[in-house]
Amino acid sequence: MTRVIQWATGVTGMMSLRHVIARADLELVGVRVYDPAKAGVDAGTLCGARELGLCTTADRDEIISTDADVVLYMGKVETDTPGCFADVCELLASGKNVVATGSRFIHPRSLHASLADGIENACRTGQSSFLGLGIYPGFVGESLVPILSRLTARVGRISVREVLNYSTYASHDLIFNAMGFGHTPEDTTPLLANTEYAASAWIGSATVLAQSLGLKIRSVQGFREVQTTPRPLTVAAGEIPAGTVAAMRFGVEVDCGATTLAVEHLTRMADDLAPDWPTEIGYEVTFDGEPNMRLHLVIGSHDEDHSERACLATAMHAVNAIPTVIAADPGLYDLSAIAPFVAHWTNRSTVI
């Protein structure tokens, strides 16, 4: 039985928690929450599962000292990078393996050598392993592009794009404070108003892609474009006044010599905004070369909420990685270096 700690219970964390509880091979031993209203609540009750007799805690030190085999870390690394990396390093040094979601965990060394060095030192101290993953970044490009590349004779450009409508995503902190929706285009307050910071969300993904394909990065160019809404919008995260940012696209263009890599995210708060930008919801991988290829993945069909289903996919990517991370030798891993892993479905039938 693998002992699991769930760290953070936002949209994705709540889904992860629910599935950990449902798994017969996993034992939930701790839940770290940030909202005081969630502290001291039965973990099962919190996520709508069965009552467990295990209460959540907002006490960081209590969770770090809890014995566990692995931590599913889903803290807000985009808005508190130093704090989240400090959490992860303490967890690793205490002997717990960590699977973390968030773009800045995908390839820490591409952000700053000190971030990777800190994790590697903590892994040596605790004889533990670390893997950063997600859906985008953390799966679509990193996992699908290397597989598709087997079909090519020559590639001049590889593009990976996510297109989503975030009107149903309820995180006020992410939508307004980090991404900058609901602000004027000139407002430099949101984190992603800084083009360099916005680009840093994708440099890890691009680096893993380059490594997987045997390419050497020559230069990286970040970009961020925004468009405003002509009318006020009411979305799950709050109110977006007319004349403020309601659609954006940002990412990186990476020069690898004969091949260029492009990784970008495109988000709208209403489907009719920015009609000149790509509009098809989902994840797209395109190869310009010989042959040309296009793969389009939609997570959430039959009128499901795409953003909500993508959060579930992110949660399951982390949960399903647990056995592989535990079995790995101590160290810092990314998706280009760790063995492929498969889902463990509770309803899977035995195939003979």
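Computed from a predicted structure; not experimentally measured. (Residues numbered from 1 in each chain as written. Predicted model: local features only at pLDDT ≥ 70, side-chain atom pairs only at ≥ 80, totals over all residues. Heavy atoms only, no water.)

A word on helix α4 (residues 81-93)
Logical step 1: Taking 1.5 Å per residue as the helical rise, α4 with its 13 residues ought to reach 18 Å, and the 18 Å between its terminal C-alpha atoms agrees with that figure.
Logical step 2: Taken together, the buried positions of α4 are Thr81, Cys84, Phe85, Asp87, Val88, Cys89, Leu91 and Leu92.
Logical step 3: Its side-chain oxygen placed 3.1 Å from the backbone nitrogen of Gly83, Asp80 serves as the N-cap of α4.
Logical step 4: One or two positions beyond α4, positive phi appears at Gly95, with a value near 100°. (Helix = DSSP H or I, 4+ residues; strand = E, 2+ residues; numbered from the N terminus. Expected span 1.5 Å × (residues − 1). Buried < 20%, exposed > 50% of the residue type's maximum accessible area, 1.4 Å probe, protein only. Polar contact = N/O pair within 3.5 Å; in protein donor to acceptor, adjacent residues only side chain to side chain.)

Focus: the UniProt feature "domain: 2,4-diaminopentanoate dehydrogenase C-terminal" (unreviewed entry) in the chain
Logical step 1: Those places that UniProt annotates as "domain: 2,4-diaminopentanoate dehydrogenase C-terminal" (unreviewed entry) correspond, in this numbering, to residues 139-338.
Logical step 2: For the annotated span residues 139-338, helix accounts for 28% and strand for 34% of the residues, and the straight-line distance between the end C-alpha atoms is 13 Å. (UniProt positions renumbered as here; feature names shortened; annotations may be inferred.)

A few points about the sheet that holds strand β4 (residues 97-101)
Logical step 1: Spatial ordering of the open sheet is given by β2-β1-β3-β4-β5-β14, a layout of six strands whose pairing is parallel. At either end of the open sheet lies a strand with only one pairing partner, and these are β2 (26-32) and β14 (331-333). Strand-to-strand twist of the sheet, defined as the mean angle between neighbouring strand axes without regard to direction, takes the value 20°.
Logical step 2: Looking at chain direction, strand β5 (residues 129-133) and β14 are connected through three bridges and run parallel. In the strand pairing of β14, Phe130 is matched with Leu332.
Logical step 3: Along the sheet, helix α1 (residues 11-22) makes contact with β1 (2-7), β2 and β3 (70-73), crossing β2 at roughly 150°. (Pairing = 2+ DSSP bridges. Axes fitted to C-alpha atoms, helices over the stretch in contact; angles between N-to-C directions. Contact = heavy atoms within 4.5 Å.)

Some remarks on the packing of helix α7 (residues 140-148) against helix α9 (residues 195-213)
Logical step 1: Look at α7 against α9: their axes get within 9 Å of each other, and the N-to-C directions meet at 20°. Our classification of the angle between α7 and α9 gives roughly parallel. Crossing handedness for the pair α7 and α9: right-handed. Here α7 contributes Gly141, Glu142, Val145 and Pro146 to the contact with α9, which in turn contributes Ser205, Val208, Leu209, Ser212 and Leu213.
Logical step 2: For the contact of α7 with α9, the class distribution of residues is five nonpolar, three polar and one charged. (Parallel < 35°, antiparallel > 145°, perpendicular 65-115°, else oblique. Left-handed = near helix turned anticlockwise from the far one by under 90°. Nonpolar A, V, L, I, M, F, W, Y, C, P; charged D, E, K, R; others polar.)

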